[in-house]
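Here is what each chain is made of, one letter per residue.
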Amino acid sequence: MEVGQMQRAWVEYTRSLFREGFLDAQFQQLQLLQDESNPDFVAEVVSLFFEDSERLLADLTFVLEQQNIDFKKVDAHVHQFKGSSSSIGAQRVKNDCIAFRNFCEEQNIEGCLRCLQQVKQDYYLVKSKLEALIRLEQQIVAAGGSIPMEELSS
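Reading the values: the criteria
- Residues numbered from 1 in each chain as written.
- Predicted model: local features only at pLDDT ≥ 70, side-chain atom pairs only at ≥ 80, totals over all residues.
- Heavy atoms only, no water.
- UniProt positions renumbered as here; feature names shortened; annotations may be inferred.
- Helix = DSSP H or I, 4+ residues; strand = E, 2+ residues; numbered from the N terminus.
- Axes fitted to C-alpha atoms, helices over the stretch in contact; angles between N-to-C directions.
- Parallel < 35°, antiparallel > 145°, perpendicular 65-115°, else oblique.
- Contact = heavy atoms within 4.5 Å.
- Nonpolar A, V, L, I, M, F, W, Y, C, P; charged D, E, K, R; others polar.
- 1 Å grid on protein atoms, 1.4 Å probe; cavity = no way out; pocket = protein on both sides within 12 Å on 5 of 7 lines; lining within 4 Å.
- Points joined across faces, edges and corners; volume = space filled by probe spheres on them.
- Buried < 20%, exposed > 50% of the residue type's maximum accessible area, 1.4 Å probe, protein only.
- Polar contact = N/O pair within 3.5 Å; in protein donor to acceptor, adjacent residues only side chain to side chain.
- Left-handed = near helix turned anticlockwise from the far one by under 90°.
- Phe/Tyr/Trp six-rings, centres within 6.5 Å; stacked < 30°, edge-to-face > 60°.

Chemist: Residue-level account of the UniProt feature "domain: HPt" (unreviewed entry) in the chain, with values.
Modeler: Mapped onto this numbering, the UniProt entry annotates "domain: HPt" (unreviewed entry) at residues 38–143. Overall, residues 38–143 shows 86% helix and 0% strand. The separation of its end C-alpha atoms is 18 Å.

Chemist: Let's hear about the packing of helix α2 (residues 25–33) against helix α4 (residues 71–88): which residues, and what values?
Modeler: Two numbers describe how α2 lies on α4: the axes approach to 6 Å, and their chain directions differ by 60°. Our classification of the angle between α2 and α4 gives oblique. For the pair formed by α2 and α4, the contact residues are Q26, F27 and L30 on the first element and S86, S87 and I88 on the second. Broken down by class, the residue content of the contact of α2 with α4 amounts to three nonpolar, three polar and no charged.

Chemist: So what about the layout of surface pockets? Which residues, and what values?
Modeler: Within this model, the largest pocket holds a volume of roughly 410 Å³. Among the secondary structure elements, those contributing two or more residues to the lining of the largest pocket are α3 (41–64) and α6 (109–142). Split into classes, the residues belonging to the lining of the largest pocket amount to seven nonpolar, five polar and four charged.

Chemist: Mind laying out the side chain of S85, listing which residues take part and the relevant values?
Modeler: Residue placement: S85 occurs in helix α4. What makes S85 buried here is its relative accessible area of 0%. A polar contact is formed between the side chain of S85 and the backbone oxygen of K82, at a distance of 3.1 Å. Residue contacts for S85: discarding those within four places in its chain leaves F49, A90, V93 and K94.

Chemist: Explain the UniProt feature "modified residue: Phosphohistidine" (unreviewed entry) in the chain to me, and be specific about the residues and the numbers.
Modeler: Using the residue numbers shown here, the UniProt feature "modified residue: Phosphohistidine" (unreviewed entry) corresponds to H79. With respect to the helices and strands, H79 occurs in helix α4. With relative accessibility at 42%, the residue H79 sits in the partly exposed group.

Chemist: Please provide a residue-by-residue account of the packing of helix α1 (residues 3–19) against α6, values included.
Modeler: Contact geometry of α1 with α6 gives a least axis separation of 10 Å together with a crossing angle of 160°. The orientation of α1 relative to α6 falls into the category roughly antiparallel. Our pair here, α1 against α6, has a crossing hand that is left-handed. The residues of α6 that touch α1, namely those facing M6, Q7, A9, W10, Y13, T14 and L17, are K129, A132, L133, L136, E137, Q139 and I140. A breakdown of the residues in the contact of α1 with α6 according to their chemical character gives nine nonpolar, three polar and two charged.

Chemist: Quick rundown of the packing of aromatic side chains? Include the residues and the values.
Modeler: Tallied over the entire structure, the rule returns five aromatic pairs. Ring centres of F49 and Y123 lie 5.9 Å apart, and the angle between their planes is 70°; this geometry places the pair in the edge-to-face category. Separated by 74 residues along the polypeptide, F49 in helix α3 and Y123 in helix α6 bring together distant segments of the chain. The residues F49 and Y123 share a single accessibility class, namely buried. With 4.9 Å between their ring centres and 65° between their planes, Y123 and Y124 make a pair best called edge-to-face. Since its relative accessible area comes to 0%, Y123 is described here as buried. Members of the aromatic cluster, each reached through a chain of ring pairs, are F49, F50, F81, Y123 and Y124.

Below you can see the structure in the form of structure tokens.
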């Protein structure tokens, strides 16, 4: 695929992620911080989000499997997950966390377990989509092109 085709594919794929509610304006803000002096900025931030998310999902799963569930601990993990997903613009995950926190407040075990499954599902979905986006960006740059950020606003 030539650079122009890859750039058009990147624009369309990125737009679809916003249109389908996977990402919000916060992700665009991250993208705007990336430039020639820091070309891997978004990939690095997203990678840190993945690391944090994997740890938080494991912690949440462990806490919710206990005989006596510490809802304050569950809420603290969900609050942290909501913050990190919000900071990179992972809209669906952030919204799942909002619902999750409501079930924590009610100490509703079944609701928390359902939310945990939903959070996991949406997290792994956005993870695969962000990985694909970053791969495409790397291919564009490797082929000598640049990421067409200006075309997202048109």
